[in-house]
Amino acid sequence: MLIGVVDVVAPDKERSVFALRLREARERLGISQVELGRRAGLDPSVASPRINQYEQGQHVPHHATARRLAEVLGVPTAFLFAEDDQLARLLVLWSEMNPSERKKLLKLVEIERGANA
C-alpha cells in the first residue's frame, strides 16, 4: 500500500521539530531510514531518500504519511510535532498507559491544578 507522497511545505520551526522527533524515534527503534519508509508503505525506491529529506527538515510529510510513520515508530503522531521536550515525553508515556492509568493521571493533574489555582 502506497501512501501520500505529497509533501507539505511548512514553517521552518515545524520542519525542524518534525525532523528531530522523527530521527529520535527511528533511532530509538533501531531501524534504518529505508526500513522505516518501507514499513510505512513508501515505494522502496524512494523510501530512504524521502525519510532522509524528512529528517533533514527539507520536507514535512502529508498528515496521513506522518500518522503512518508514527504508527510504525510506536509513537503518537502528536509526538512528531511536539515543540516542547517534556510534552513530547508525556505524549509517549500517555500512549503507553492503559485507560485506567490515564484516568488516574488526569485526576491527579486536575487536583494539583485546583490546589494551585
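Before reading on, note that the structure itself is shown above.
The sections below set out a description of the structure shown in this document. Being a predicted model, the structure only gives us computed values, none of them experimental. (Residues numbered from 1 in each chain as written. Predicted model: local features only at pLDDT ≥ 70, side-chain atom pairs only at ≥ 80, totals over all residues. Heavy atoms only, no water.)

### Section: the overall build of the protein chain
Helix and strand counts for the protein chain come out as six helices and two strands. N-terminal to C-terminal, the α/β element order of the protein chain is β-α-α-α-β-α-α-α. Across the 117 residues in the protein chain, those meeting the buried criterion constitute 33%. Total accessible area on the protein chain stands at roughly 7300 Å², and carbon and sulfur atoms take up 56% of it. (Helix = DSSP H or I, 4+ residues; strand = E, 2+ residues; numbered from the N terminus. Buried < 20%, exposed > 50% of the residue type's maximum accessible area, 1.4 Å probe, protein only. Areas by Shrake-Rupley, 256 points an atom, 1.4 Å probe, with all protein chains shown as cover.)

### Points about helix α3 (residues 47–55)
Within the span of α3, buried status applies to Ala47, Arg50, Ile51, Tyr54 and Glu55. The buried residues of α3 occupy an angular sector of 135 degrees when projected down its axis, which confines them to one face. Looking one or two residues past α3, Gly57 carries a phi angle of roughly 80 degrees, positive in sign. (Arc of directions from axis to C-beta.)

### Structural notes on the packing of aromatic side chains
Scanning the entire structure with this criterion turns up two aromatic pairs. With a centroid separation of 6.3 Å and 90 degrees between ring planes, the pair formed by Phe18 and Tyr54 is classed as edge-to-face. Placement of Phe18 in helix α1 (residues 12–29) and of Tyr54 in helix α3 is noted, with a sequence separation of 36 residues between them. Assigned by exposure class, Phe18 and Tyr54 land together as buried. Using a relative accessible area of 0% as the deciding quantity, one classes Phe18 as buried. Put simply, the rings of Phe18, Tyr54 and Phe81 touch in pairs and so form one group of aromatic residues. (Phe/Tyr/Trp six-rings, centres within 6.5 Å; stacked < 30°, edge-to-face > 60°.)

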